[in-house]
Amino acid sequence: MLKAVTNLVNVSQITGVLPVVNGGTGVTTSTGTGNTVLSAAPTLSGNVTLSTGNLIVASSQGIDFSATSSGSGTMTSELLSDYEEGTWTPTQGAGLTVVGTFNSLGRYTKTGRTVVVQGTLGSSTTVSAAAADEMCGGLPFTSASPVAGIAIGVWTAPVGISPISTSLYNGTSIAATDTILFCITYSV
């Protein structure tokens, strides 16, 4: 363990094995900006708490869940390497009939390879969707394969929808309404 004898030690000069909060040790180095970086794989026991700042994971790295047991079937990865949430603007699809001014809004959450999108397609007057045609485009991520989802016209029954590439296609028609709401989960 490295121990400072005086308060006059320059932080940029401290390099060595230092204790890590909640037990364990790690080799640390200073960046010269007041930040201390663990430059080796520390062994930690107990919980780790960040009182300020964020845990920043380098590109192509992630949280490794390999210590947990795998489910039945063939496991392909236990590394969570991507999380993102944001907004997107659905575009008017070829199968969407709009009377009046088209408006749309979308939100998404991407966790690993799974994307959940929610959105609204609307009009100042009415909007309707033809069966088996493109309802909207501009999905935030290209889908790996078609899956099922739900679209709901205001005061109408749910209809099946599926993403193909970067567009959503509905299974049955949606009658004229002022807003179509949808939510779908797909893989990338």
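If you're wondering where the values come from, they're calculated on a predicted model, not measured in any experiment.

## Quick notes on the overall build of the protein chain
- Looking only at helices and strands, one finds zero helices and 15 strands in the protein chain.
- In the protein chain, buried positions account for 25% of the 188 residues.
- For the protein chain, long-range pairs separated by at least 24 residues make up 54% of all intrachain contacts whose partners lie at least 6 apart in sequence.
- Working note: accessible area of the protein chain is about 11900 Å², and carbon and sulfur atoms make up 56% of it.

## Quick word on the packing of aromatic side chains
- Inspection of every chain in the model, using the stated rule, returns two aromatic pairs.
- Here the aromatic rings of Tyr108 and Phe141 are separated by 5.4 Å at their centres, their planes lie at 80°, and the arrangement is edge-to-face. Of this pair, Tyr108 sits in strand β9 (residues 102-111) while Phe141 sits in the loop between β11 (133-137) and β12 (149-153), and the two are 33 residues apart along the sequence. Judged on exposure class, the residue Tyr108 and its partner Phe141 are both buried.

## What about the pattern of salt bridges?
- Tallied over the full model, the rule gives one salt bridge.
- A salt bridge links Asp82 to Lys110; the shortest N-O distance between them is 2.4 Å. Of the two residues, Asp82 is situated in the loop between β5 (79-80) and β6 (83-88) and Lys110 in strand β9; the sequence distance between them amounts to 28 residues.

## Focus: the nonpolar core
- Val117, Met135 and Ile180 are the most contacted members of the largest nonpolar core, which totals 18 residues.
- Those elements that provide at least two residues to this core are β10 (114-129), β11 and β15 (174-187).

## Observations regarding the layout of surface pockets
- Taken as a whole, the second largest pocket encloses approximately 230 Å³ of empty space.
- Together, Leu55, Ile56, Val57, Ala58, Gln61, Gly62, Ile63, Asp64 and Leu79 line the second largest pocket.
- The residue inventory of the lining of the second largest pocket, partitioned by class, reads six nonpolar, two polar and one charged.

## Some remarks on the confidence of the model for the protein chain
- Averaged over all residues, the pLDDT of the protein chain is 74; the fraction at 70 or higher stands at 66%.
- This model gives residues 153-157 a pLDDT under 50, and the stretch forms eight contacts once residues within four places in sequence are excluded.

## A few points about the environment of Ser128
- Looking at the element boundaries, Ser128 is found in strand β10.
- Separated by 30 residues in the primary sequence, Ser128 and Val98 have C-alpha atoms spaced 6.7 Å apart.
- Beyond its immediate chain neighbours, meaning those up to four positions away, Ser128 contacts Gly95, Leu96, Thr97, Ile174, Ala175 and Ala176.

## So, the pairing of β11
- Where burial is concerned, most of β11 is hidden: four out of the five residues are buried.
- In this sheet, β11 lies alongside strand β7 (residues 91-92) in antiparallel orientation, the contact comprising two bridges. Across the sheet, Gln92 pairs through a bridge with Cys136, a residue of β11.
- As paired elements, β11 and strand β14 (residues 167-170) share four bridges and run antiparallel to each other.

## Quick notes on the environment of Leu96
- When you line up the elements, Leu96 lands in strand β8 (residues 96-99).
- For Leu96, a relative accessible area of 4% puts it in the buried group.
- Sequence-distant contacts of Leu96, defined by excluding residues within four places in its chain, comprise Phe102, Leu121, Val127, Ser128, Ala129, Glu134, Met135 and Ile180.

Rules used throughout
Position numbers for residues count from 1 along each chain, tracking the sequence in the order it is written. Selection of residues for local features in this predicted model requires a pLDDT of at least 70, selection of side-chain atom pairs for listing and counting requires 80 or more, and totals for whole chains, interfaces and linings are taken over all residues. Hydrogen atoms and water are omitted, and side-chain values are computed over all heavy atoms in the structure. Strands are runs of DSSP state E lasting at least 2 residues, helices are runs of H or I lasting at least 4, and numbering of each runs from the N terminus. Exposure is judged per residue with a 1.4 Å probe applied to protein chains only, and the accessible area is read against the type maximum: over 50% gives exposed, under 20% gives buried, and values in between give partly exposed. Contacts are residue-level and defined by heavy atoms, with any inter-residue pair within 4.5 Å sufficient. The method behind every accessible area is Shrake-Rupley, applied with a 1.4 Å probe, and residues are considered shielded solely by the protein chains displayed. Ring pairs are drawn from Phe, Tyr and Trp, using the six-membered ring of Trp, whenever the two centres fall within 6.5 Å, and their geometry is named by plane angle: stacked under 30 degrees, edge-to-face over 60, tilted for the rest. Here, a salt bridge means any Lys or Arg side-chain nitrogen found within 4 Å of an Asp or Glu carboxyl oxygen. As used in this record, nonpolar core signifies buried Ala, Val, Leu, Ile, Met, Phe, Trp, Tyr and Cys residues forming a set joined through side-chain atoms within 4.5 Å. Only protein atoms enter the calculation, which uses a 1 Å grid: trapped sets of points that fit a 1.4 Å probe without letting it out are cavities, open sets showing protein on both sides within 12 Å along at least five of seven lines are pockets, and any residue with an atom within 4 Å of a point is a lining residue. Grid points are joined across faces, edges and corners, and a volume is the space filled by probe spheres set on the points. Residues are grouped as follows: Ala, Val, Leu, Ile, Met, Phe, Trp, Tyr, Cys and Pro are nonpolar; Asp, Glu, Lys and Arg are charged; all remaining types, including Gly, are polar. Scored between 0 and 100, pLDDT is the confidence that the predictor attaches to each residue. We call two strands paired when DSSP finds no fewer than two bridges between them.

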